[in-house]
Structure formats: structure tokens, C-alpha cells
Amino acid sequence: MKPGPRGLRLAPAPHLHGGGSVSRLMVHKVIALAPVTVFAVTLFGLAALATLVTAMGACLLAERLSAPRVPPGDGTALLTGLLLGLSLPPALPLWMVAVGGFFAILVGKQLFGGLGGPVFHPALVGRVFLQAAFPTAMAHAWVVPFAGGRASQLPDTSLAMPFLSPGAGYDALGGATPLAAARLGESFPPFVDLWLGTVAGAVGETSALLLLGGGLYLVAVRAADWRIPVALLGAVAALSGLLHGLDPLRHPDAVTALGSGGLMLGAWFFATDPGSAPMTRRGRWVYGVAIGLLVVVIRQFSGQPEGVMYALLLGSALVPHIDRWTQPAPLGWRTPR
Amino acid sequence: MLRRQPAFPGGIVLPAPGWLGRSRLAGDGAAWQLPFASRLSLPLRQGACTPAAAVVRDGEEVVRGQLLARADGAGSVPLHAPASGMVQAIVEQADLAGGTVPVIQLVPWPGDTQEQVVGTALDPASASPAAVLEAIAATGLVDLGGERRPLHARVGAAAGQGVGWLVLNGIGAEPGVAGARATLRTQAAELMAGLRYLLKASGATRVVLAVEPHDEQVARGFMALAAGTLDLFLRVLPPRYPQGADALLLRALADTPAGGVPESAGPWALCVDVATVAEAGRLLPWGLGMTDQVVTLAGGALREPGRYRVPLGTPLRFALAQAGLDPGVARVLGGGPMRGEALASLDAPITKGANAFIAMSQAEAGEPVPAMHCIRCGECLVACPVQLNPAELGLLARRAEYQVMHEKYHLDHCLECGCCNYVCPSRIPLVEQFRAARMQWRRRQQATVGEDAA
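In this text, all values refer to a predicted model and were calculated from it rather than measured experimentally.

*Asks:* What is the right way to look at the overall build of chain B in this model?
*Replies:* Secondary structure assignment for chain B yields 15 helices and 17 strands. The globule rule puts the C-alpha radius of gyration for 454 residues at 22 Å, and the 22 Å found for chain B is close to it. Seen through its C-alpha atoms, chain B measures out along the principal axes to roughly 65 × 55 × 50 Å. Scored against the burial criterion, the 454 residues of chain B give a buried share of 54%. Considering only contacts in chain B between residues 6 or more positions apart, those separated by 24 or more positions represent 72%. Of the accessible surface of chain B, which amounts to about 18,500 Å², a share of 55% is contributed by carbon and sulfur atoms. Each charge sign in chain B was given a centre, from 39 positive and 40 negative side chains, and these centres are 4 Å apart.

*Asks:* Can you walk me through the overall build of chain A in this structure?
*Replies:* On a plain count of helices and strands, chain A comes out with 15 helices and zero strands. Over its C-alpha atoms chain A spans a radius of gyration of 21 Å, differing by no more than 12% from the 20 Å that the globule rule assigns to 337 residues. Overall, chain A is about 75 × 50 × 30 Å in size when its C-alpha atoms are taken along their principal axes. Evaluated residue by residue, chain A yields a buried proportion of 53% over its 337 residues. Restricting to contacts in chain A with at least 6 residues of sequence separation, those with at least 24 account for 76%. Within the structure as shown, chain A displays about 14,000 Å² of accessible surface, and the carbon and sulfur contribution to it stands at 69%.

*Asks:* What's the story with the packing of helix α10 (residues 208-220) of chain A against helix α13 (residues 263-270) of chain A in this structure? I'm lost.
*Replies:* Packed helices, taken two at a time, are described by the angle their axes make and the gap between the axes. All names here are of chain A. As a packed pair, α10 and α13 sit with axes 9 Å apart at the nearest point and diverge in direction by 10 degrees. As summarised for this structure, α10 and α13 are arranged roughly parallel, according to the angle between their axes. For the pair formed by α10 and α13, the contact residues are Ala208, Leu211, Leu212, Gly214, Gly215, Leu216, Leu218 and Val219 on the first element and Met264, Leu265, Trp268 and Phe269 on the second. Along the lines of polarity and charge, the residues of the contact of α10 with α13 split into ten nonpolar, two polar and no charged.

*Asks:* I would appreciate a short explanation of the side chain of Ser276 of chain A in the present structure.
*Replies:* Within the secondary structure layout, Ser276 of chain A lies in the loop between α13 and α14 (281-301). Residues contacting Ser276 of chain A, with those up to four places away along its chain left out, are Val119, Phe120, His121, Phe270, Tyr287, Ser316 and Val319 of chain A.

*Asks:* Even after reading the chapter, I still don't get the pairing of strand β11 (residues 232-236) of chain B, so can you show me in this structure?
*Replies:* The side chains of a regular strand alternate between the sheet's two faces. All names here are of chain B. Pairing of strand β10 (residues 206-211) with β11 involves five bridges; the strand directions are parallel. Within the sheet, the bridge partner assigned to Val211 lies in β11 and is Val236. One crossover worth recording links β10 to the parallel β11 by way of helix α6 (residues 216-226), and it is right-handed.

*Asks:* Teacher, can you tell me more about the nonpolar core here?
*Replies:* What tends to happen in soluble globular proteins is that the nonpolar side chains get buried as a cluster. Residues Leu92 and Phe269 of chain A are the most contacted members of the largest nonpolar core, which totals 77 residues. At ten residues, helix α1 (residues 22-44) of chain A tops the list of elements feeding residues into this core. Dropping the residues within four chain positions of it, Phe269 of chain A is found in contact with Lys29, Ala32, Leu33, Leu83, His121, Leu211, Gly214, Gly215, Leu218 and Met264 of chain A. Membership of the second largest hydrophobic core comes to 63 residues, among which are Val142, Leu166, Met223 and Leu312 of chain B.

*Asks:* Please explain helix α15 (residues 308-325) of chain A as it appears in this structure.
*Replies:* In an α-helix, one full turn covers 3.6 residues, which means residues spaced three or four apart are oriented alike. All names here are of chain A. Taking 1.5 Å per residue, 18 residues should reach 26 Å; α15 reaches 24 Å between its end C-alpha atoms and fits that length. Within α15, the axis deviates most sharply at Val319, by approximately 45 degrees, and proline Pro320 lies no more than four positions further along. Among the residues of α15, those classed as buried are Val308, Met309, Ala311, Leu312, Leu313, Gly315, Ser316, Val319, Ile322 and Asp323. Looking at the buried residues of α15, the elements they touch are α5 (122-133), α13 and α14.

*Asks:* Teacher, can you tell me more about a nonpolar patch on the surface here?
*Replies:* All names here are of chain A. Residues Phe191, Val192, Leu196, Leu209 and Val255 make up a contiguous nonpolar surface patch of roughly 430 Å² in combined accessible area. The element best represented in the nonpolar patch is helix α9 (residues 191-196), accounting for three residues. When you line up the elements, Val192 lands in helix α9. You can call Val192 partly exposed: its relative accessible area is 46%.

*Asks:* I tried to follow the environment of Pro285 of chain B on my own but got confused; where do I start?
*Replies:* With respect to the helices, strands and loops of the structure, Pro285 of chain B is situated in the loop between α8 (274-283) and β13 (292-298). Distance in space between the C-alpha atoms of Pro285 of chain B and Gly194 of chain B is 8.7 Å, their sequence separation being 91 residues.

*Asks:* What's the story with the interface of chain A and chain B in this structure? I'm lost.
*Replies:* In many analyses, interface size is given as the accessible surface area lost on bringing the parts together. In this complex, chain A contributes 43 residues to the contact, which on the side of chain B involves 65 residues. Both faces combined, the contact of chain A with chain B buries some 4,600 Å², and carbon together with sulfur accounts for 57% of it. The three residues of chain A that bury the most area against chain B are Arg9, Met279 and Leu331 of chain A, which together make up 17% of that side's buried surface. Linking Asp323 of chain A and Arg376 of chain B is a salt bridge whose minimum nitrogen-to-oxygen distance equals 3.0 Å. Taken together, the links from chain A to chain B amount to 16 residue pairs in polar contact (both at pLDDT 80 or more). Taken together, the elements giving at least two residues each to the side of chain A that touches chain B come down to α1, α14 and α15 of chain A. Considered class by class, the residues forming the side of chain A that touches chain B number 23 nonpolar, eleven polar and nine charged.

Rules of the game
- Residues numbered from 1 in each chain as written.
- Chains lettered and ligands numbered in written order.
- Predicted model: local features only at pLDDT ≥ 70, side-chain atom pairs only at ≥ 80, totals over all residues.
- Heavy atoms only, no water.
- Helix = DSSP H or I, 4+ residues; strand = E, 2+ residues; numbered from the N terminus.
- Rg over C-alpha atoms; globule rule 2.2 N^0.38 Å.
- Buried < 20%, exposed > 50% of the residue type's maximum accessible area, 1.4 Å probe, protein only.
- Contact = heavy atoms within 4.5 Å.
- Areas by Shrake-Rupley, 256 points an atom, 1.4 Å probe, with all protein chains shown as cover.
- Lys, Arg positive; Asp, Glu negative; His and termini not counted.
- Charge placed at Lys NZ, Arg CZ, Asp CG, Glu CD.
- Axes fitted to C-alpha atoms, helices over the stretch in contact; angles between N-to-C directions.
- Parallel < 35°, antiparallel > 145°, perpendicular 65-115°, else oblique.
- Nonpolar A, V, L, I, M, F, W, Y, C, P; charged D, E, K, R; others polar.
- Pairing = 2+ DSSP bridges.
- Right-handed = clockwise from strand over helix to strand, strands pointing away.
- Core = buried A, V, L, I, M, F, W, Y, C linked by side-chain atoms within 4.5 Å.
- Expected span 1.5 Å × (residues − 1).
- Bend = angle between axes of the 7 residues up to and from the residue.
- Patch = residues over 30% accessible without salt bridge, like charges linked within 9 Å, V, L, I, M, F, W, Y side chains within 5 Å.
- Salt bridge = Lys/Arg side-chain N within 4 Å of Asp/Glu carboxyl O.
- Buried area = accessible area lost by both parts, 1.4 Å probe.
- Polar contact = N/O pair within 3.5 Å; in protein donor to acceptor, adjacent residues only side chain to side chain.

Printed below as a string of C-alpha cells:
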């Protein structure tokens, strides 16, 4: 805006704005994640708290270092850190968490051009990096829920020194996620436990119910498009139900499938992130269904116990094509209705 | 129960900001007559018309309502003297199209009675449609709803298509242009007269009045007055911007088939806004030419916002001063808040069809908010009433991909309504980018046409 003659200022139309902003979206997402975060700290104690604080701190620091001139006011780095922390095993060595946070921001976000650029969700990129770099830790750093002394002391593994294996430390934790346990032939815990979240799992993925509530809040305040989680969860339920009907012994039923693993966290908070989702409404249906089907396929037919992370990545990789296939036709080119 | 699919997608519900509310209240009664400025400037190109041909000379004395310039071709309208006075000079002035246009400078006689020249009246009942159309052309009326094209051209085109309906647009293309409500309340007789002329000329037989709920009471009052004399229906549409745009309004009405409104989206109706019809009904029974128009002056920088009857050619600065312009005005818009253009100068005269000016105070204009990158949230796709992909278009505009924007992403369908801009959380100036892209594309195409010819 430059001053015109006689002090009149010029600006392009329109001269009204709805008031939405990126930071407002981020605030809504943090609010939606608050109950899950509180529950995680209750469930896993200091380990969860330290993981979350480390992840957020690492992301903020990385953003500050990589883009010193951009004010961090939009809150996107904080949200990335929160989501990364929520998706990690609670007893993961904290230095690994920090490495993941740095990788998420530096490679997942800034290398792709900063805000709006990333093809994949930055927090997911950070988690995938950790999965690839530290597979043992990522597979074993689970904690049993409500472990004694969780509020007063950190697990030994959390404080492991960088590049030194905590070795036997993992065995002392004794946790295993229901999906991993099921892979070893154990039966799933009752679905009430699964949905309430009183099971082992990543910091913020256990309580399907709280995640569902947070997701509904996002939809209610229009901070997330309902089409993606509905399509995603619908596809998971449909395919799981079908498989369960064919072979009830090998495949869990739909309610269990929906309540286990990182599905709710992924469906409501990762898949709805607009940067790595299609822009068109039809495309969002396609995207959700594709991820949902992939989740079940990976869980049931691959060597991995959990498939949400890879399904989300594969879904995001499809986005440019989905967007191209589902361009809306301008009004009047087809008859309405 | 499934909700009926709207006839066009998207659109936004605008909250009425304080200053729009004020102008609505202030604009409820009859328009206030503005005095003559000491000099009136009348460009021969008025509104979105082609230039007229001057029939007066420098130094000639003219009477109010006398012909100053005759229509020159179908896209042009005649120009009448807005005041009795003397033609001081006809000068060439730069216009926005990049050329120059002749401007008639008229000095009104101070203290003159300003009696208007009365032409030949025409009875719509007995005259032929062609004669009525000619009479409409002779008034020099343009569309006052924002399109600013010659009224006779629109009516003639509708007659050629054989439309059966006349849509009386009481919604308006822009929020804040407080026309419909006041016109329905204070100019009912003129509206009815105007309808009779337009029905005769266009060949339409039935009328549907479209309003939004906040004007329903007033519209019902008008319906009661008109009952029995006209085949008139009322349709109240839930508030949504920009359904007042003619093309979208025809769709919205066609989708709610009641009272026999046809469902097809084809050219089934002539769409005219209430202010234009009322003006036609004011001029045609007396054979008058258009010498002034009702203009909404609104905004927080005005002490007396409201509707004013402004003589054509009045300098904007004079009109705003009459409405109590605060010298601390931050921004003046020609048009409404969604599509209006911020003006760099207040010296330009008010021409035909310029139906609103908004003088924004510092608080209303606010501080500029820097645009962020697109976060691909897709809100603009939901808001777009013509189903374009504004986000993708915005990204393409940054790379100057004008050809892709037009050929693959249909930029030529854009209404520039501003909905995408309104909802954008990153505050990307999408409309500005689209306007620039359209201009560049047009220029490039003209250049290639020139090369082909050479």
C-alpha cells in the first residue's frame, strides 16, 4: 500500500476480510490436541512430558536458526514439534527426539520451501527419519501405561547419551503396542481399553476417544476438512470389516482397527494438514480413501505392525496427481445438480 | 433430510460491518438532492459505454435536460445537460483505457430555476415495443446495478432472446450499496411505471422480485401496492454474496422453482436491478433524459452517509464534502467494499452508473497485513461461486503462467467477486493477481493478433 495524492492510500479489492489467519488455524489445532497431551502425560508421566518438550523445543530452535528473519508467530513450528512428539514412543532417547525435530523442520519443511511448500507433513518426515535411523529404539521404546514412579523419574533410555545404545534398557520397559503384540500372536486388549487409551503406544496416539473429540472440534471450527478423516476412517472400517468377515482369526474387527495404533492421530491431525493434502473437495475424498485402504493393507499384509505413517506418506505422494484429476469444472460447464 | 443442492456452489455470508449498517439506516428514506458544483465535467464516455458524439460547441448556453451529445453506435448512450448553464469548453482528458476522451465542461448558471426540458411522453400500453426501446435509448440510461452498460442494449438483447421473465434484482451486486431497500420503500410508483415500460420493450410478461431476508418486509409492502396491476412474484433468498450478480441470481432463482419460475439456466429472464427500473419509471413517463443519479455515499469518514441524488459530472470531492468528509480519510472506494477500486484522486467526476463511493476511516482501512505463502487449505475452492481453483491460480500467477491460467484453469470465468480473497487465511491478494494476469493475457493476445495480421 503506497500513499496516493493527498494522503489517500491505495489497496486492491476486496476491502473486507473474513478474519481467518494461519496462526488462528494453528491455535485451533493446539487446542484440539490439548486433551490428548494432558492424557499422555498422565499415562506415561515424565517420559511423555520430556519427549513433547524436547520435540517442540527442537522444532522451534531449528525454525529460528533456519529462518531467522521470519517471526515464529504463526505457530506452525510449535505444532510440528507437538505432533512429532505425540507420534513418538515415550521412552525414546531424548537426543533422538531432538534430532527428529531438527530433521522435521530443516529437511521436512525448509528444504521444501518453508510454510506451504512441504509435500509431506514435516512431523511425519521427522518420524520417518527416526524410524529409518534408529529402528531398534523406535521398535522398543514403549512404556507400559500407568507405570509406577512415572511422575517422578525418567526411564533410563530417555537419558541415554547420544550415539550410545541403551542396550538392555529397552527390555526393562516391558511395553509393547497392541498392534505389535497382535503380530506376535497375542490377542488384542478389550476395545474399551483401546478406545480409552490405557494401553502402550506412542505418546499421543493411544486414546482414540480423545483424538476423535479433538478432531470433531477441528471440524466444528472449520480448521480441518471433515471429508478426509471421514473417507479415511470409513475406508479402514470397510476393508477391516471385510477382512474380519473373511478370516476372523487373522484380522481384527473394524472397531479394534479404528481404535488401535496411530490411526486416529493420523486421520484427524496428520491427514487433514492442508499442505500435504489435495485442495479439491473430490480429491480429498480420494486421498482419504487411498490412505485408509493403505493403512489396512500395510498392517495386515506387510512386515510392519503399524501402517499409518507409510500410508500417509504414500497418500501425500499421490496428491499432485489427485489434484490434477479432480480439478473442478467451472460453473456452467456442467448442469448443476 | 438432504439439503437442496444450491444452484451455484460457494459464496460467502458477509457480516454487515458497522459502516454498512449505518449507510443502510441513513439510506432508508428518499435520496437527498445534492446542489450543483461550480463546474460539472461530463466525459463523453460514460460508464461502460462507447463515447457519444458532442452536439454542442464551446460557449453554447444549454438548458437542463438538453441534449449535449448524441449516441454514436449501439454501445453508446446520449448525454443530457445536468444543469442549465454554459458549455465552457470541450477538452481532451486522459482516461483509464490509455487514450483520451473529450470532456464537456459545463458551468451551471447560479440562481437559475433549473427547470428541466420535458420531451415527449410515451404510453407503454399503446406504444409498440420498438418505440418503447427507442424511448429507453433516448433517456441515456445505463445499468445502475454496477454493470454500467446501456440499458437499451440489455433490454434489446433480452427481447431478441424472447425471454418470458423480468427479474427485479433487489439484492445488488455489492453489500453496502444501500439501493434496493430505499427504492422499494420510496419509489414504488416509479418502480411500477418502469416495470411496465421494460416489460413492453423486452417482451417479458412476468416479474419476480428477488430480495434477501433483511429486506423482506419492505418487499412485501411493495408487493401489496403492486398487487393486481402486475404479474409479480416475490422470492426471498438466504443471504449469500455474490448472489446479486445477474448470472448467479438467475441460477439461484431457477433452482427454487415456485410460482412457475422455469428451472432452466438458459437465458430465460432479463435481470435488472431496482434502482435502474425506478430511474426508468421516473424518466420515461415525461420523456426526460438522465441528468442525475442516486449514489450511495458511505463509510466511517463521512459525517452524513446516505443516498444522494447527484447531478452527473459532479466532482467526487464536492459530493463527499457535501456528505461531511473527514479530512483524515484513509481510503476512498469507487464501488462497494468487495469489488470497489481504491481511488488515487477525488478530482474525477461522477459518471453514469457509479452507484456508490465509500470513504473509509483509518480504523476501517486498517493496517496492511503482509501476505503469507499459500498453505493449500482449500477454503478458496469452497468459497468460489463459479468453481474455479483460486489457490492454484494464485500459485500460477506468481510464476506468470498466464496461458495455463486461462486455458487449463479457466480464469476467464472469474467474476472477481473477491470471495477467495475474503476467506484466505494467508491474506494472499488473489483478486489483484487475477486482474493483473487477465490484463497481461489480453495484451499478449492482442500482440499475437497484431503479428498474425502483419
